[in-house]
Amino acid sequence: MHLSTRPILRRVALVGAALLAATAAVPQASAAAAPDDLTAAGGGLSAVIRYTENGIPHILARDYARLGFGTGWAQAADQVCVLADGFVTVSGERSRWFGPDAAPDLSLSSATKNLSSDLYFKGVRESGTVERLLATPAPAGPTEDLKELMRGWAAGYNAWLAQNKITDPGCKGAAWVRPVTTADVAARGFAVSVLGGQGRAVDGITAAQPPGAAGSPTGPTASPQETGPAAAAEAAREFFDTGRYDMGSNAVAFAGSTTASGRGLLLGNPHYPWQGGRRFWQFQQTIPGELNVSGASLLGTAVVNIGFNEKVAWSHTVATGTPVNLHQLALDPADPTAYLVDGKPERMTRRSVTVPVAGGGAPITRTQWWTRYGPVVSDLGASLPLPWTARTAYALNDPNAANLRGSDTSLAMGKARSVAGIQEALKRTQGLPWVNTVAADSAGATLFTQTQVLPRITDELAARCSTPLGRATYPASGLAVLDGSRGDCAIGSDPDAVQPGVFGPGKAPTLRDAPYAENSNDSAWLANADRPLTGYERIWGSVATPRSARTRGAVEDVSAMAAKGRLTVADLQKQQFANRVPAGDLAAADAAKACSALPGGTATASDGGAVDVSAACPVLASWDRTADSSSRGALLFDRFWRGLTASTPAKDLWLVPFSAADPVRTPRTLDRAAPGIGRALADAVAELKAAGIALDAPLGEHQFVVRGGRKLPVGGGTEALGVWNKIEAPWNAAAGGYPEVVHGSSHIQAVGWDGSRCPVARTLLTYSQSSNPLSPYYADQTRMYSEERWVTSRFCERDILTSPKLKVVLVRERR
């Protein structure tokens, strides 16, 4: 597709020679030609990049290949080391460069060592999986527009490498930073697609070996269900519990009936890692007359994953749908690498993968085993072993291993003009692997939908075909374990599904045009507490079960906002940084009273020592129940509550138990007599005193990040506290408390419309645009996040061209 860019580019040119001269100040960029000349010398690709405040690029191109080119170039300029590291991962070469026993950064899989990561990804590449998916015609495979974007992205990344010197100390001079291909870009997309499935089972896939092989059972062993169905059920529940992921999110859409303008509002607050390859990167993409969208992408992605255009805004939250299932195999008594289906043996497919290692050591070769259902797997986490015995093995079915459509879904949403258009994009492309979608539009409509790629496991199929293990795991977690020896237990297909073996979008839990639609990583049930969603299969998520503290707090907050009405973007900004601690509202007053009632003000710590906790009682009582940087008592309650909830079951904490009839307000009323309260208080007080931290110290003095030698206080709180502005930080008393954020609030967007042609949008990329500590955009937005300030989005042309920081760059291939 070739569309005229001349009108916009003429306006760019009108900014004048001064702007063109200013492009010299943009690091690693070329401005040798006039910005309206988009034909690169030698016929190569080119694009115009307009940088505004905080280093945010607005990429302008005449077609998808050139748009991808500008996107790849600009991403490389900000994130070359992180991107290059990811390409080493998906090429299966981490052991070669970093050693087989070192740990990857977990961005693209859950592999615990480079060796298992390499065995998996090298096996994927050598099997031709990515190339077959690229060659699959749309809609089951990627569209031509997306393939052009990926081709352009690779060319842009490579052109940046060829024309610039790397200054980032993370990979300066590193031999592992190399050019990439379209297949490499697609392989990264594949890795993102299977993050919730095969990607979480990499160690189990690469370790699975038949009995008698090195490191495997030598004969029949106890099967998991024989170790106890309750333990297996709990292990599966924990493995798929979205509250335990390092990805989460909140998102809420408000309908026009609740807003001052009569138009929709959207607040997106994804919770993602602050370091590594799952960072977001902020930008705008424009092909005049075809596409104009602003937002953020996961690194290595050529499209806006979450964002907005002039008519509609959307965000995603990690969904509770269980994206995989297991098939329990009955093995051929004469051959443990053959399995029976309707009494007939089928041989497993053997994949031998060889991985080079650092230091010139001998390459390591391992074997993986694949079946009609997927790879044989030895476990789903340490607590759910799936031993391969002489009688039984387990195969993992992950339908997202045949899904390279995720970026097509994002591209289609970027072109949508309404909530109905978002829903149509989801139905047409069916590419989202593990997220919900929440959206609002300029006409005042709202949407929540869990349209994601899930194996077509109905409750009827699970009841008819579950093995004993599956009868324990499916109700608890949605993990079906089907009898793989029966042909009548095969997963069927829906007529509206573009891929065999998955649910069609007509079965997805969906809520349209509610006054508010909200999700905080619990199931779809309470997307709106007044209009609960029910009737979906268990694999999508649970119904009438306890909600997390974050969901409960979020529903309380957004329902009150909707009832108040007359909402604006400013109200969304206030919600993001309200930092209310729902667990504190529920428990702090009773905890303070339980503290005051302790005989002699003394409690026994976990180590058996007596601790004077009397000074903690008034601190808890006077705490303002927020996790603001200035809040005194927030840190004490945080340490107390983490300890209490980790050691005491919920059933022993509350006097009023959970009720499905009152799910937002229950459970409640802390049992002051619970024996764990005194112990948790003693542990928290002793811990803070040992670290030299005052019990009433402001939170921000001990929850912070250091950037450029400067300590930046960080508000917000952990999952157990239920804070909307979620922050997860490892405790390090010697370093002052919580000295670094590992994941939490990331690319935040508050979007609405006021009747003008331009959306009203405020954004924040909490960890900033670049991972290069030498970049001016390494910590600028992190400082803004610390100070609870926002970026005013520049979406319309007049806003971009009037930016006081505008720098216009023409980037091009050199051939």
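Now for a look at the structure at hand.

1. Focus: the overall build of the chain
Each helix and strand in the chain was counted, giving 22 helices and 33 strands. Here the C-alpha atoms of the chain give a radius of gyration of 27 Å, agreeing with the 28 Å that 2.2 N^0.38 yields for 815 residues. Each of the three principal axes of the chain carries a C-alpha extent, and together these read 75 × 70 × 55 Å. Taking all 815 residues of the chain together, 63% fall into the buried category. When contacts within the chain are restricted to residue pairs at least 6 apart in sequence, long-range pairs at least 24 apart make up 69% of them. Carbon and sulfur atoms provide 54% of the accessible area of the chain, an area that totals close to 28000 Å².

2. Description of unusual backbone geometry
Put simply, Ala138 and Pro139 share a cis peptide bond, and its omega is 10°. Tracing the backbone shows Pro139 in the loop between α6 (129-135) and α7 (144-163). With omega at 0°, the peptide bond leading from Thr666 into Pro667 counts as cis. As for its position among the elements, Pro667 is in the loop between β24 (654-656) and β25 (668-670).

3. Description of the environment of Asn325
Relative to the helices and strands, Asn325 is located in strand β10 (residues 325-332). We classify Asn325 as buried; its relative accessible area is 0%. As for Asn325 and Leu67, which are separated by 258 residues in sequence, their C-alpha atoms are 38 Å apart. Apart from residues no more than four positions distant in its own chain, Asn325 is found in contact with Ala395, Leu396, Asn397, Pro455, Ile457, Leu479, Ala480, Leu482 and Ile491. Within polar-contact distance, the side chain of Asn325 engages the side chain of His327 at 3.2 Å. Within the structure, the side chain of Asn325 is placed 2.7 Å from the side chain of Asn397, a separation counted as a polar contact.

4. Topic: the sheet that holds strand β28 (residues 727-728)
Pairing between sheet strands relies on hydrogen bonds along the backbone, with the strands arranged either parallel or antiparallel. One open sheet accounts for three strands, arranged β5-β29-β28; its pairing is antiparallel. Bordering the open sheet on either side are β5 (271-273) and β28, each of which pairs with just one other strand. Two strands pair when backbone bridges link them, and β5 and strand β29 (residues 743-745) are joined in this way by three bridges, in the antiparallel orientation. Across the sheet, the residue bridging to Pro273 is His743, located in β29.

5. With respect to the packing of aromatic side chains
Scanning the entire structure with this criterion turns up 23 aromatic pairs. Summarising the aromatic geometry, the rings of Tyr120 and Phe121 are spaced 5.0 Å apart at their centres and angled 75° between planes, so their arrangement reads as edge-to-face. In this structure Tyr120 comes out as buried when scored by relative accessible area, which is 0%. On the basis of relative accessibility, which here comes to 2%, the residue Phe121 falls in the buried class. Of the aromatic side chains, those joined through ring pairs into one cluster are Trp274, Phe577, Tyr767, Tyr785 and Trp790. For the cation-ring pair, Arg639 lies above Trp731, with the distance from its terminal atom to the ring centre recorded as 4.2 Å.

6. Re the pattern of salt bridges
One pass over the full model with this rule turns up 41 salt bridges. Glu53 is the partner of Arg794 in a salt bridge, and the nearest nitrogen-oxygen pair spans 2.8 Å. Taken as a pair, Arg794 in the loop between β32 (791-792) and α22 (797-801) and Glu53 in the loop between β1 (46-52) and β2 (56-60) lie far apart in primary sequence, 741 residues in all. Residue Asp662 is joined to Arg668 by a salt bridge in which the shortest nitrogen-to-oxygen separation is 3.6 Å. Look at the salt bridges and you will find they share partners, linking Glu460, Arg464, Arg486 and Asp488 into a network.

7. Re the packing of helix α3 (residues 64-90) against α7
Running from N to C, α3 and α7 cross one another at 60°; their axes reach a closest spacing of 6 Å. One element, α3, and the other, α7, form an angle in the oblique class. The handedness of the crossing between α3 and α7 comes out as right-handed. Partitioning the contact of α3 with α7 into residue classes produces 18 nonpolar, seven polar and three charged.

8. Section: the pairing of strand β11 (residues 335-341)
Burial runs high along β11: five of the seven residues are buried. Bridge analysis of β10 against β11 gives two bridges, and the strand direction is antiparallel. Counted as the bridge partner of Asp332 is Asp335 from β11. The turn joining β10 and β11, which pair antiparallel and follow one another in sequence, is formed by two residues. One ladder, built from four bridges, connects β11 with strand β12 (residues 344-347); its direction is antiparallel. Counted as the bridge partner of Ala338 is Arg347 from β12. What sits between β11 and β12 in their antiparallel hairpin is a turn of two residues, with Asp342 showing a positive phi close to 55°.

9. A word on helix α19 (residues 634-647)
Compared with the 20 Å implied by 1.5 Å per residue over 14 residues, the 20 Å span of α19 between its first and last C-alpha is a close match. Of the surrounding secondary structure, the elements contacted by the buried residues of α19 are α17 (582-596), α18 (616-622), β24, β25 and α20 (675-690).

10. A closer look at the state of the cysteines
Simply put, the disulfide is a covalent bond whose two ends are the sulfur atoms of two cysteines. Per the stated rule, a full pass over the model turns up four disulfides. Between the sulfur atoms of Cys758 and its disulfide partner Cys796 the distance amounts to 2.0 Å. The chirality of the disulfide connecting Cys758 with Cys796 is left-handed, given an S-S dihedral of about -125°. Of this pair, Cys758 sits in the loop between β30 (747-752) and β31 (760-765) while Cys796 sits in the loop between β32 and α22, and the two are 38 residues apart along the sequence. Across the pair, Cys796 and Cys758 agree in class, each one buried. By sequence-ordered numbering of the bonded cysteines, the chain has its disulfides arranged as 1-2, 3-4, 5-6, 7-8.

11. Looking at the sheet that holds strand β3 (residues 250-254)
Strand order in the open sheet made by the six strands is β21-β3-β4-β30-β31-β32, with antiparallel pairing throughout. Across the chains shown, the open sheet's two edge strands, defined by having one partner strand only, are β21 (516-519) and β32. As paired strands, β3 and β21 are joined by four bridges and run antiparallel to one another. Within β21, the residue paired with Val252 across the bridge is Glu518. Across the sheet, helix α15 (residues 549-564) touches β3 and β21, and the angle it forms with β21 is around 165°.

Rules of the game
- Residues numbered from 1 in each chain as written.
- Predicted model: local features only at pLDDT ≥ 70, side-chain atom pairs only at ≥ 80, totals over all residues.
- Heavy atoms only, no water.
- Helix = DSSP H or I, 4+ residues; strand = E, 2+ residues; numbered from the N terminus.
- Rg over C-alpha atoms; globule rule 2.2 N^0.38 Å.
- Buried < 20%, exposed > 50% of the residue type's maximum accessible area, 1.4 Å probe, protein only.
- Contact = heavy atoms within 4.5 Å.
- Areas by Shrake-Rupley, 256 points an atom, 1.4 Å probe, with all protein chains shown as cover.
- Polar contact = N/O pair within 3.5 Å; in protein donor to acceptor, adjacent residues only side chain to side chain.
- Pairing = 2+ DSSP bridges.
- Phe/Tyr/Trp six-rings, centres within 6.5 Å; stacked < 30°, edge-to-face > 60°.
- Lys NZ or Arg CZ within 6 Å of the ring centre and 35° of its normal.
- Salt bridge = Lys/Arg side-chain N within 4 Å of Asp/Glu carboxyl O.
- Axes fitted to C-alpha atoms, helices over the stretch in contact; angles between N-to-C directions.
- Parallel < 35°, antiparallel > 145°, perpendicular 65-115°, else oblique.
- Left-handed = near helix turned anticlockwise from the far one by under 90°.
- Nonpolar A, V, L, I, M, F, W, Y, C, P; charged D, E, K, R; others polar.
- Expected span 1.5 Å × (residues − 1).
- Disulfide = S-S within 2.5 Å.

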